[in-house]
Amino acid sequence: MYVKQNKDTFIRIYDGQGYIISQLTYFDRLYNETGADFLAKLSREPQKIDDIVRELQILYEGSVELEELHSEFQEFVAELEEFMFVTTGNSPDEINQKEPSFTYKFNPKTKLRSFIQNFPEYELENTTDILLKKSSHKPQLSCVEFEITARCNERCVHCYLPNKRKDNGGDLPLELAFKVMSDAKKLNCLEVSISGGDPLLHKDLVRILEFARECDFKITVLSNLVALTDEHIRLFKAYNIGLIQVSLYSMNADEHDAITKLKGSFIKTKANIERLIANDIPVQISCPTMKGNFHAYKDVLAYAEKMQTKAQTDFVLMAQSDFNKDNLENRLTESQTIELLKDIVRYDRQYVDDTLCKPSKSENIDNYLEQPLCGVGLGIICVGHNGDVYPCSGWQGYVLGNLNTDSLIEIWQGSEKLQALRKIKMKDFPECIGCDARDYCALCLVRNFNENEGDMFKVSSSHCNAARLNRQVVEESIRNDPREQIV
C-alpha cells in the first residue's frame, strides 16, 4: 500500500508538534510528538507504507515492535485520508487518479464561513485558537502578507491606502521578494498572501508565485481582477493557488464603479470572477459596505450563492494609514448599519449560527483577559513594496524595520516595536471588559491606530456602536427566528 500527501495539504512541525492543514477543505489538525514524527515522513510523492514504518522503527531505535508500529501508522493514515489530507492506493498511478482536486462540483471550501471542526479534543476551541495561544508564548510566523506593488488601477473611496501612495508607487524588487520568502521558509512560515495595490500589475508576478510554490507555501492572492489575463489563469492553476479574494461592491455597475472610481470595473471584475470559477480556481468575494452600497450586500450574497462561492462584508471602515479620515465619510450611519445587519441576518444563511457557535468571552473571564487581540506580531507580518515591514497590511504608519537594511528574521526576532505589540492583551482595554457587546466585537489595534493619530489603545466610539448594533440585531433575529423565513 502506498500513501501520498495531497497537493492541497501542507505540513509544518512546530516545537515538536505536528500541524497539518488542507487548503481544499480548510480542515486542520494538531498532533503530539509521535504524530509529528509520522507527519514528517509524508511526502508529495507516493511512498510505500512499509518503507515509512521501517524508517520510523529506526527513528525509535527498535523500541516499538514493527507490527505495532505498522498498525498505529496505518490507523493514523486512515484518519488523515478520511479528512482528505492524504491519498492511499495500491500503486502510484492509482493514487494519482484518486487524489482530490478543487472543483465547484465538490462541496467547495469557498462556501464555508466557519472552519471549526467537531473533533473530540477540540470541542471547546479550534486549532487556530490553540496555535494562537501557543504563539503568544513563543511567536511562530504563520503568514507573510506581501504587498508586492503600491500601484492600483482603482481608487476606491473607502481604501485605507492613500491615493498618493498608489500614484507614486513602485514594485517590490524581485530579488528582495526572493530573499524575504527564503527567510520566511527558514522561519517555518506556512502561507503567503500576495496583494498590493493590485498584484496583477507586477511584471514579475509569475516568478514570485513560482518561488512561493517552490517554498511550499499556501498561496492567497488579493486582486480586483480588472487586469486578469489568460496567462494569469494558467499560472493560478499551475501553481495551485489556494484562494483568490476579490472585492465586488454591488450587482449594479454604476454603484460598483462609483466606489472604485474606474468606469467599466464592474463588468471586468464580474466577468473575471466567472472566468476563474469556470476554470475551477477558488474565489471568495469581499464586499466592504458603505453609504454608496449598504443595500447591495444581499444581492452580492445571492450572486455568490448562485456561483457556489462565499461573500462577506466589513461595515466598519478603517481610516487611512497616514491618519487621513476623509474616507470615513463613507462610513454607514446608524440606521444604515441596522438595515445592513438585518439583511445579513436575513440572507446570510450561516451568520447567526456562526456568531452563536463562538464561545462567549464571559465563560472564562481570566482566559479572555490574557488573550492577544489577534495574530499580528504573533503569527502575521506584512512586507511593503519598498521593503518596509508592518504588523499587518493596514498598519503602514507603524514601521517595524526595512528589509534593505535588516532581514525578515532579524525584524521578526528583534524588533522592539514587535516585542511591545506581543505583550498587548485584552486586559489592556479596561473599558471593553464589562461591555455587554464584547461577544459581537473584534477589537482591532490598527483600526484604533489609524483613526486616532497613532493611539492604538484608544477605542473609537464608532466601533463600539457597531458591536452594540450587531448584538441588537442578532438577538432580535434569534427571538423572531428569521431563518425560517429564508427563501
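## Concerning helix α8 (residues 205-214)
Step number 1: Residues of α8 that are buried: L205, I208, L209, F211 and A212. Each buried residue of α8 sits inside an arc of 165° when the element is viewed along its axis, so together they form one side.
Step number 2: In the core, the buried residues of α8 are packed alongside α7 (174-186), β8 (191-195), β9 (218-222) and α9 (230-238).
Step number 3: Taken from the residues just after α8, D216 is the one with a positive phi, measuring 60°.

## Quick notes on the pattern of salt bridges
Step number 1: Using the criterion set out here, one finds 23 salt bridges in the structure.
Step number 2: Across the pair D15 and K138 runs a salt bridge, and its minimum N-O distance is 3.1 Å. Of this pair, D15 sits in the loop between β2 (9-14) and β3 (17-22) while K138 sits in the loop between α5 (127-137) and β7 (143-147), placing them 123 residues apart in sequence.
Step number 3: A relative accessible area of 57% means that D15 is categorised as exposed.

## Here's the deal with the sheet that holds strand β4 (residues 28-31)
Strand pairing in a sheet takes place through backbone hydrogen bonds and is either antiparallel or parallel in direction.
Step number 1: Spatially, 3 strands are ordered β2-β3-β4 in an open sheet, and the strand pairing comes out antiparallel. Looking along the sheet, the strands with just one partner apiece sit at the ends: β2 and β4. Each strand of the sheet is rotated relative to its neighbour by a mean of 15°, with strand direction disregarded.
Step number 2: Pairing of β2 with β3, which is carried by 6 bridges, proceeds in the antiparallel orientation. Looking at the pairing, I11 lines up with I20 of β3.

## Quick look at the nonpolar core
Step number 1: By size, the foremost hydrophobic cluster in this structure holds 96 residues, and its most contacted members are V144, F146, I194, F236, I381 and W395.
Step number 2: Setting aside residues up to four positions removed in sequence, F236 forms contacts with L200, L209, V221, L228, I241, I244, L276 and I281.
Step number 3: If you look at the next biggest cluster of nonpolar residues, it comprises 21 residues, including L56, Y60, L80 and V86.

## A closer look at the packing of aromatic side chains
Step number 1: The full count for this structure, using the stated rule, is 13 aromatic pairs.
Step number 2: Judged by centre distance (5.6 Å) and plane angle (75°), the rings of Y398 and F449 are edge-to-face. Separated by 51 residues along the polypeptide, Y398 in the loop between β14 (388-390) and β15 (401-402) and F449 in helix α19 (residues 445-451) bring together distant segments of the chain. Summarising the burial analysis for this pair, Y398 and F449 share the class buried.
Step number 3: Looking at R422, its charged tip hangs above the ring of W412, at a distance of 4.6 Å from the centre.

## Observations concerning the pairing of β7
Step number 1: Summarising burial for β7: 5 of the 5 residues are buried, a large majority.
Step number 2: Here β7 pairs with strand β13 (residues 380-383) via 4 bridges, running parallel. Directly across from V144, in β13, lies its bridge partner I381.

## So, the sheet that holds strand β6 (residues 86-89)
Step number 1: As summarised here, the arrangement of the 3 strands in space is β5-β1-β6, forming an open sheet in which the pairing is antiparallel. Each of the sheet's edge strands pairs with one partner strand only, and the pair in question is β5 (47-48) and β6.
Step number 2: Docked against the sheet, helix α3 (residues 66-82) engages β1 (2-5) and β6, running at close to 120° with respect to β6.

## Describing unusual backbone geometry
Step number 1: Omega for the bond connecting G196 with G197 falls within 30 degrees of zero, at 20°, which places this linkage in the cis form.
Step number 2: Following the sequence through the fold, G197 ends up in the loop between β8 and α8.
Step number 3: Residues other than glycine seldom take positive phi values, yet D15 does so here, at roughly 50°.
Step number 4: Positive phi outside glycine occurs at F323, with the angle close to 75°.
Step number 5: Following the sequence through the fold, F323 ends up in the loop between β12 (311-312) and α13 (334-347).
Step number 6: With a relative accessible area of 28%, F323 lands in the partly exposed category.

## Quick look at the pairing of β13
Step number 1: Taken together, the 2 bridges between β13 and β14 define a ladder with antiparallel strand orientation. Paired with C382 across the strands is Y390, a residue of β14.
Step number 2: Linkage of β13 to β14, two consecutive antiparallel strands, is achieved through a turn of 4 residues, within which G387 is found at a positive phi near 95°.

## Structural notes on a negative patch on the surface
Step number 1: A cluster of acidic residues, E65, E67, E68, E72 and E75, forms a negative patch at the surface.
Step number 2: Structurally, E72 can be placed in helix α3.
Step number 3: Assessed through its relative accessible area of 37%, E72 is described here as partly exposed.

## Some details on the packing of α13 against helix α20 (residues 461-480)
Step number 1: Contact geometry of α13 with α20 gives a least axis separation of 10 Å together with a crossing angle of 40°. Considered as vectors, α13 and α20 are oriented oblique to each other. For the crossing formed where α13 meets α20, the hand is right-handed. Facing E334, T337, I338, L341, K342 and V345 of α13, the residues of α20 in contact are L469, N470, Q472, V473, V474 and S477.

Cut-offs and rules
- Residues numbered from 1 in each chain as written.
- Predicted model: local features only at pLDDT ≥ 70, side-chain atom pairs only at ≥ 80, totals over all residues.
- Heavy atoms only, no water.
- Buried < 20%, exposed > 50% of the residue type's maximum accessible area, 1.4 Å probe, protein only.
- Helix = DSSP H or I, 4+ residues; strand = E, 2+ residues; numbered from the N terminus.
- Arc of directions from axis to C-beta.
- Contact = heavy atoms within 4.5 Å.
- Salt bridge = Lys/Arg side-chain N within 4 Å of Asp/Glu carboxyl O.
- Pairing = 2+ DSSP bridges.
- Axes fitted to C-alpha atoms, helices over the stretch in contact; angles between N-to-C directions.
- Core = buried A, V, L, I, M, F, W, Y, C linked by side-chain atoms within 4.5 Å.
- Phe/Tyr/Trp six-rings, centres within 6.5 Å; stacked < 30°, edge-to-face > 60°.
- Lys NZ or Arg CZ within 6 Å of the ring centre and 35° of its normal.
- Patch = residues over 30% accessible without salt bridge, like charges linked within 9 Å, V, L, I, M, F, W, Y side chains within 5 Å.
- Areas by Shrake-Rupley, 256 points an atom, 1.4 Å probe, with all protein chains shown as cover.
- Lys, Arg positive; Asp, Glu negative; His and termini not counted.
- Charge placed at Lys NZ, Arg CZ, Asp CG, Glu CD.
- Parallel < 35°, antiparallel > 145°, perpendicular 65-115°, else oblique.
- Left-handed = near helix turned anticlockwise from the far one by under 90°.

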